[in-house]
Amino acid sequence: MEQLQLSLTKREMEVIRRELGREPNLVEWGIFEVTWSEHCSYKSSRPVLKVLPTRGERVIIGPGQDAGVVDIGDGLVVVFKIESHNHPSAIDPYNGAATGIGGIIRDVLSMGARPIALLDILRFGPPIKPHSIWLLKNVVKGIADYGNCVGIPTVAGEVEFDESFEKNCLVNVACIGIGKRDRVIPSAAYRPGDLFVLVGGSTGRDGIHGASFASRKLSERSEKDRPAVQIGDPFIKKVLIDATLEALETGYVRGLKDLGGGGLATAISEMTSLGGTGADIDLSKVHLRESGMTPYEIILSESQERMLFIINPKGLDVIKSIFEKYEIPYSIIGKVTSTGRLVARFNGEIVIDLPSKLVANAPVIEREARKPRYIDELRRINPPPEPSDLGDVILKLLASPNIASKEWIYTQYDHEVGIRTVIKPGQGDAAVLRILDKNKAIAVKADANSKHTYLDPFNGAAGSLAEACRNVAAVGAEPLAFTDNANFGSPENPEVFWQFREAFNGLAYMARGLNIPCVGGNVSFYNEDEETGKIVKPSIVVVCVGLINDLNDIRRMALNSPGNYIGIVGYTKRELGGSEYYYWIHNIVGGVPPKANAVEEKKAIDFVLWGIKKGIIVAAHDISNGGLAISSIEMAISGELGFEIFLDKVPSESMRTDELLFSESYARFLIEIPRDKIDIFRSLSQEIGVPASIIGEVTEGRRIIFKHFSKKISLDLDEASDIWHSSLGKSVERN
Amino acid sequence: MFIPTAWKLGELEMNDIRVAVIRFPGSNCDLDTVYVLQRVLGVDARLVWHRDFKDDAWDAVIIPGGFSYGDYLRAGAIAARSPAMKHVREMAKEGKPVLGICNGFQILVESELLPGALLMNSTLKFICKWVTIRTETNRTAFTRSIPRGKLLKIPIAHIQGRYYIDEKSLRELEDNDQIVFRYVNDNGEVVEEANPNGSVSNIAGVCNLEGNVLGLMPHPERASERILSPFGTDHGKLIFESMIDYIRRYL
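Note that the structure is predicted; figures quoted are calculated from it, not measured. (Residues numbered from 1 in each chain as written. Chains lettered and ligands numbered in written order. Predicted model: local features only at pLDDT ≥ 70, side-chain atom pairs only at ≥ 80, totals over all residues. Heavy atoms only, no water.)

Re the overall build of chain A
Of the regular secondary structure elements, chain A holds 25 helices and 26 strands. Overall, chain A is about 85 × 55 × 45 Å in size when its C-alpha atoms are taken along their principal axes. Of all intrachain contacts in chain A linking residues separated by at least 6 positions in sequence, the fraction that spans at least 24 positions is 84%. In the form shown here, chain A has an accessible surface area of approximately 24,400 Å², with 48% of it arising from carbon and sulfur atoms. Of the side-chain charges in chain A, 84 are positive and 96 negative, and the distance between the mean point of each set is 3 Å. (Helix = DSSP H or I, 4+ residues; strand = E, 2+ residues; numbered from the N terminus. Contact = heavy atoms within 4.5 Å. Areas by Shrake-Rupley, 256 points an atom, 1.4 Å probe, with all protein chains shown as cover. Lys, Arg positive; Asp, Glu negative; His and termini not counted. Charge placed at Lys NZ, Arg CZ, Asp CG, Glu CD.)

Describing the overall build of chain B
The number of helices and strands found in chain B is 6 helices and 11 strands. Here chain B has a C-alpha radius of gyration of 16 Å; the compact-globule value for 251 residues is 18 Å, and the two agree. When its C-alpha atoms are laid out on the principal axes, chain B stretches across 45 × 40 × 40 Å. Classification of the 251 residues of chain B by burial places 63% in the buried group. Contacts spanning at least 24 positions in sequence make up 76% of the contacts within chain B whose residues lie at least 6 apart. In the structure as shown, chain B presents an accessible area of about 9,700 Å², 48% of it carried by carbon and sulfur atoms. (Rg over C-alpha atoms; globule rule 2.2 N^0.38 Å. Buried < 20%, exposed > 50% of the residue type's maximum accessible area, 1.4 Å probe, protein only.)

Some points on the pairing of strand 10 (residues 306-311) of chain A
Residue and element names in this part refer to chain A. Burial within strand 10 is extensive, with 6 of its 6 residues counted as buried. Of the two faces of strand 10, the one holding R306, L308 and I310 and the one holding M307, F309 and I311 are both buried throughout. Both strand 7 (residues 195-200) and strand 10 contribute to a ladder of 6 bridges, which runs antiparallel. Counterpart to F196 in the pairing with strand 10 is I310. Relative to strand 10, strand 8 (residues 253-258) is paired through 5 bridges, and the arrangement is antiparallel. Following the sheet pairing, K257 is matched in strand 10 by L308. (Pairing = 2+ DSSP bridges.)

Details of unusual backbone geometry
All names here are of chain A. The backbone of D74 shows a phi angle near 55°, a positive value even though the residue is not glycine. Tracing the backbone shows D74 in the loop between strand 2 (68-73) and strand 3 (76-84). Note on D74: relative accessible area 48%, which makes it partly exposed. Phi is positive for N347, which is not a glycine, with a value near 50°. By the element assignment, N347 lies in the loop between strand 12 (341-346) and strand 13 (349-355).

Quick notes on helix 21 (residues 598-613) of chain A
Residues lying three or four places apart along an α-helix face the same way, a consequence of the helix completing one turn every 3.6 residues. All names here are of chain A. Given a rise of 1.5 Å per residue, 16 residues ought to cover 22 Å, and the 22 Å separating the end C-alpha atoms of helix 21 matches this to within 8%. Taken together, the buried positions of helix 21 are occupied by A598, E601, A604, I605, F607, V608, L609, G611 and I612. Backbone nitrogen of V599 and a side-chain oxygen of the N-cap are separated by 2.9 Å at the start of helix 21; the cap is N597. A positive backbone phi angle near 80° is found at G615, which sits one or two residues after helix 21. (Expected span 1.5 Å × (residues − 1). Polar contact = N/O pair within 3.5 Å; in protein donor to acceptor, adjacent residues only side chain to side chain.)

Observations concerning empty space enclosed by the protein
Residue and element names in this part refer to chain A. Summed over the entire model, instances satisfying the criterion amount to 3 cavities of 30 Å³ or more. Put simply, the largest cavity is a space of about 880 Å³. Forming the walls of the largest cavity are 45 residues, and the residues nearest its centre are G157, E158, V159, K406 and K445. Secondary-structure elements contributing two or more residues to the lining of the largest cavity are strand 4 (114-124), strand 5 (154-161), helix 16 (407-410), strand 16 (441-447), helix 18 (457-474), strand 21 (619-622) and helix 22 (627-639). With 7 residues, the single largest contributor to the lining of the largest cavity is strand 5. (1 Å grid on protein atoms, 1.4 Å probe; cavity = no way out; pocket = protein on both sides within 12 Å on 5 of 7 lines; lining within 4 Å. Points joined across faces, edges and corners; volume = space filled by probe spheres on them.)

Section: the nonpolar core
In terms of nonpolar packing, the biggest core is built from 209 residues, with F309(A), F607(A), L37(B), F53(B) and V88(B) touching the most fellow members. If you tally residues by element for this core, the top one is helix 19 (residues 494-514) of chain A, at 10 residues. Residue assignment places this core across two domains, with domain 1 (185-356) and domain 2 (555-735) of chain A each supplying three or more. Residues contacting F607(A), with those up to four places away along its chain left out, are V569(A), I617(A), I671(A), F681(A), L684(A), S685(A), I688(A), V690(A) and A692(A). (Core = buried A, V, L, I, M, F, W, Y, C linked by side-chain atoms within 4.5 Å. Domains from an automatic or database assignment.)

What to know about the sheet that holds strand 17 (residues 478-487) of chain A
Residues and elements named next belong to chain A. Across the sheet, which stays open at both edges, the 6 strands sit in the order 14-15-16-19-17-18 with mixed pairing between neighbours. The sheet is open, and its two borders are formed by strand 14 (421-423) and strand 18 (518-524), each paired with just one other strand. Looking at each pair of strands side by side, their axes are set apart by 25° on average, direction ignored. Here strand 14 pairs with strand 15 (residues 431-434) via 2 bridges, running antiparallel. Residue pairing in the sheet places T421 in a bridge with L433 of strand 15. (Axes fitted to C-alpha atoms, helices over the stretch in contact; angles between N-to-C directions.)

Overview of the interface of chain B and chain A
In this assembly, 31 residues from chain B lie in contact with 36 residues from chain A. Approximately 2,700 Å² of surface area, both sides summed, lies buried where chain B meets chain A, with 57% of it carried by carbon and sulfur atoms. The largest share of the area that chain B buries against chain A comes from C128(B), I227(B) and L228(B), three residues that together contribute 21% of it. Linking chain B with chain A are 6 salt bridges, by the criterion used here. (Buried area = accessible area lost by both parts, 1.4 Å probe. Salt bridge = Lys/Arg side-chain N within 4 Å of Asp/Glu carboxyl O.)

Some details on the sheet that holds strand 8 of chain A
All names here are of chain A. Strand order in the open sheet formed by 7 strands is 8-10-7-11-9-12-13, and the pairing between neighbours is mixed. Across the chains shown, the open sheet's two edge strands, defined by having one partner strand only, are strand 8 and strand 13. On average, adjacent strands in this sheet sit at an angle of 20° to one another, irrespective of strand direction.

Considerations on the domain arrangement of chain A
Looking at the assigned domains, one finds that chain A contains domain 1 (185-356) and domain 2 (555-735). Computed over C-alpha atoms only, the centres of domain 1 of chain A and domain 2 of chain A are separated by 50 Å.

Quick look at the packing of helix 22 of chain A against helix 25 (residues 717-734) of chain A
All names here are of chain A. One can describe the packing of helix 22 onto helix 25 by two numbers: an axis separation of 10 Å at closest approach and a directional angle of 100°. Of the possible angle classes, the one that applies to helix 22 and helix 25 is roughly perpendicular. For the pair helix 22 and helix 25, the contacting residues are I633, E634, A636 and I637 in the first and L717, A720, S721, W724 and H725 in the second. A breakdown of the residues in the contact of helix 22 with helix 25 according to their chemical character gives 6 nonpolar, 2 polar and 1 charged. (Parallel < 35°, antiparallel > 145°, perpendicular 65-115°, else oblique. Nonpolar A, V, L, I, M, F, W, Y, C, P; charged D, E, K, R; others polar.)

With respect to the packing of aromatic side chains
With the rule as written, the count across this model stands at 20 aromatic pairs over all chains. Ring centres 4.4 Å apart and planes at 20° place the aromatic pair Y581(A) and F662(A) in the stacked group. Taken together, the residues Y581(A) in helix 20 (residues 580-586) and F662(A) in helix 23 (residues 657-662) connect sequence positions 81 residues apart. In this pair, the class of Y581(A) matches that of F662(A), namely buried. Pairing F24(B) with Y69(B) gives two aromatic rings, centres 6.4 Å apart and planes at 50°, and the pair type is tilted. (Phe/Tyr/Trp six-rings, centres within 6.5 Å; stacked < 30°, edge-to-face > 60°.)

A short note on the environment of F80(A)
Residues and elements named next belong to chain A. Note on placement: F80 falls in strand 3. The sequence separation of F80 and A67 amounts to 13 residues, and the corresponding C-alpha distance is 5.5 Å. With near-sequence residues (within four places) excluded, F80 lies in contact with A67, G68, V70, V108, C175, I176, A481, F482, T483, V519, V543 and V545.

Notes on the environment of L342(A)
Residue and element names in this part refer to chain A. With respect to the element layout, L342 can be found in strand 12. L342 sits 94 residues away from L248 along the chain, and the two C-alpha atoms are 26 Å apart. With sequence-adjacent residues up to four places away left out, L342 is seen in contact with I268, S269, A279, I352, D353, L354 and S356.

Regarding a nonpolar patch on the surface
Residues and elements named next belong to chain B. Taken together, Y72, L73 and I78 make up a surface patch of nonpolar side chains, about 320 Å² in accessible area. Summarising the element assignment, L73 is placed in the loop between strand 3 (60-63) and helix 2 (77-80). The exposed category is assigned to L73, whose relative accessible area is 73%. (Patch = residues over 30% accessible without salt bridge, like charges linked within 9 Å, V, L, I, M, F, W, Y side chains within 5 Å.)

Thoughts on the packing of helix 9 (residues 234-249) of chain A against helix 12 (residues 316-325) of chain A
All names here are of chain A. Between helix 9 and helix 12, the shortest axis-to-axis distance is 9 Å and the interhelical angle comes to 160°. Here helix 9 is positioned roughly antiparallel relative to helix 12, judged by the angle of their axes. Judged by the twist between their axes, the crossing of helix 9 over helix 12 is right-handed. Counting all contacts with helix 9, which are made through A243, E246 and A247, the residues of helix 12 involved are I319, I322, F323 and K325. Taken together, the residues that form the contact of helix 9 with helix 12 break down as 5 nonpolar, no polar and 2 charged. (Left-handed = near helix turned anticlockwise from the far one by under 90°.)

Description of helix 12 of chain A
All names here are of chain A. Three or more residues of helix 12 are buried, namely L316, I319, I322 and F323. One side of helix 12 carries all its buried residues, which in axial view fall inside an arc of 125°. Each element contacted by the buried residues of helix 12 is listed here: strand 7, helix 9, strand 8, strand 10 and strand 11 (330-337). E327 lies just past helix 12 and shows a positive phi near 55°. (Arc of directions from axis to C-beta.)

As structure tokens, then:
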């Protein structure tokens with residue numbers, strides 16, 4: 001075994017030998033190595049993930065299958081899933097990001113849904129160093145070339161720049177699909193006698209052991225791992241989507257699964273394990289890209305653009321004719337059996353004979369957790385002195401790549417294809433996709449706050465979920481469910497595992513408080529650089545899906561009419577730890593970040609949803625990165641209208657002007673209210689019991705004015721707008 | 001008014017208008033186009049797999065946007081050589097409306113049904129955004145109900161959309177009134193800042209000599225419903241309405 005350099009632990013190898021009662025052969029060891037890798041098995045994270053609530057009246061399928069499925073009424077379901085492609089993207093950003101898109105689309109498709117939107121959540125080093133810009137440009141190009149070609153709009157996302165992501169960029173991608181409730185397909189093989197049909201691209205040697213590669217740290221050796229990065233083909237994917245959707249219409253498809261990490265080995269073992277069945281597979285039937293491939297390579301290949309269908313044998317001819325029409329290669333590779341064993345043959349010889357359940361269920365590893373020392377050190381800082389020219393500070397913040405418009409990125413993505421995108425990137429807090437032929441829409445948004453989570457994993461993760469829900473509510477949608485992607489360092493490091501555990505406790509707290517279930521997720525560990533020892537800031541990316549039951553309830557962030565009031569919902573505290581203001585202006589990553597309070601979040605969200613329904617809110621925007629100052633200016637830029645805001649009217653602790661402007665306290669919104677709706681505004685805030693005040697008004701002139709007692713900050717809207725619009729593009733193109 | 005030479009008035013009975021939207025492998029605006037024709041304009045539009053496409057069953061044909069055959073080789077190059085395009089050529093010859101949107105425009109150019117070429121954007125990047133185009137002529141089957149000079153809000157989404165033609169042929173296009181749309185600013189002026197991709201003379205769409213074949217880079221099917229427009233407009237619909245009007249009158 002030594003020469004194979006298995007990444008299985010001694011204990012895991014003992015378990016395998018004991019359960020089998022014999023020594024596995026080389027192919028079998030290879031299968032365990034992949035399916036028992038962290039990436040495929042979640043062996044470290046499973047006990048922690050259990051804390052999340054996963055049930056709800058709308059949840060049709062929760063975590064554990066290819067994607068979560070949520071009921072939106074009218075016989076329709078929303079299907080969604082998030083996944084990370086961090087490791088491949090750090091080595092080969094173009095192909096790594098592109099194949100990330102490919103994989104996530106297949107996950108949604110395999111539940112029987114039409115993929116209708118993509119989101120991507122990215123983390124890089126600051127866009128000043130050549131390496132960071134190289135990663136950024138190529139990741140964006142990879143997403144664009146793949147997503148645009150495959151005809152699924154990229155409608156939203158989130159980007160943050162921070163030194164900890166310099167070597168280890170994060171590339172998380174999410175896909176949203178829509179399907180019929182009675183046509184949801186399980187990622188399982190339930191009926192013995194059904195056929196396994198492998199459809200799509202041919203199987204080659206690419207990506208072998210990609211899953212085990214993703215379960216290691218990034219090192220010098222990683223360059224040599226480049227063959228472990230798969231190559232995608234969006235054209236074949238597009239045709240595969242069309243053919244799959246047509247095949248699903250026949251009713252002969254009984255199960256469907258994407259081939260991702262671990263290739264056929266993972267797909268077959270998970271489908272049969274979930275269905276309580278077994279499989280008899282003939283590996284010599286698989287259509288190959290190159291000759292001379294061994295059974296080991298065939299069953300572990302991670303070649304892209306492949307799906308595994310479970311077909312009712314009665315419909316085989318119909319299904320075959322569809323794939324032939326689209327000229328998609330397929331091979332009938334075996335049968336579902338009732339043995340509970342995964343048996344594979346090659347040229348007539350049995351090369352694998354393993355219990356499905358053993359292959360699909362790696363034993364859990366109990367990891368040690370210890371609170372990192374940096375946390376108390378960093379939280380204990382003195383607040384920096386207040387700068388004298390706050391107007392100048394605001395303009396500087398608008399240029400921060402974390403705050404400036406991301407249009408350099410999103411104009412490279414087709415966000416219109418599908419003719420569903422009502423709220424497009426930059427127009428509102430979340431993307432809104434209408435449901436064709438219905439007076440309904442869904443809202444989707446991804447959020448994460450790496451700096452808050454770094455300083456306080458519990459509250460940072462809770463805040464990330466709250467922010468995603470707030471964003472969905474701001475466009476008029478009721479949050480329905482979420483999925484998450486955890487991005488952390490090595491779970492073998494007790495300090496990282498502590499961050500991980502705390503973060504999930506925080507996520508679970510907020511999910512219960514907002515009564516919103518988790519329907520799936522993904523965990524990416526080992527996001528650290530072996531050479532420098534640098535670990536990424538822990539990042540819990542949350543994707544929230546919400547429902548809008550009347551298209552008239554959709555809201556954007558743009559200010560609408562001069563004379564309208566500007567109101568604030570929620571209470572502002574002196575919470576600047578981990579803020580963009582501290583980071584970008586004072587070069588501090590420290591302090592005490594905002595504390596999450598699920599009760600306050602719930603009230604603020606309820607207020608906004610009711611306010612929209614009652615017609616008192618005509619524009620809404622959540623307050624997050626950059627605080628009240630940045631949120632209000634974004635509304636002004638979007639609406640091309642100025643405003644005057646009186647900071648002394650903001651419900652808050654007693655605070656300095658800079659603290660009022662830039663605090664990132666959670667559970668807050670800015671809203672625009674028509675003058676004649678002021679009474680309803682007041683009574684609604686009393687009824688719900690949420691602090692809400694009128695703090696200013698929309699003005700005709702192109703000035704942005706903040707007043708705080710005798711202090712006045714006055715900025716030119718056009719100047720602010722120009723800085724906000726152009727800064728990121730300039731930074732990327734210049735360097 | 002433009003009357004195609006291949007057609008005499010009054011020979012055809014009024015029928016339900018039947019429009020084919022061809023799906024090549026890799027087309028991705030096909031369903032959007034069918035949806036708009038059916039639901040917004042009430043036309044009997046059908047999605048037709050490229051190998052099943054025959055010219056005789058249809059009043060008009062639309063080649064939708066996307067990445068036919070993955071745009072390997074050159075955008076539109078492979079689809080242009082497909083048997084389906086023989087039938088499209090037949091329809092063009094008969095004077096029936098033929099519309100190519102985005103990748104469809106690229107296919108029509110590659111098929112030499114339209115002059116010029118579509119090159120990589122001058123920014124070398126894919127661009128997805130709403131632009132303003134000016135209607136340069138209303139003598140075509142697709143602009144006959146649009147006043148000349150009318151500004152339309154419409155999105156583009158392409159990486160190979162830079163229209164190119166040599167100077168002599170450009171003059172011919174102008175002389176023959178074959179330039180149908182130009183990218184302009186909000187005041188309707190042809191200026192460099194309004195040119196998103198570096199197209200010659202800000203050209204966004206051209207037609208054949210007869211005016212029944214139109215290719216354009218912007219997507220009218222994405223601009224035909226107010227709910228989808230950041231400006232609350234539905235200008236894309238005007239192009240399809242012109243086509244319907246043309247079919248009603250002449251086919």
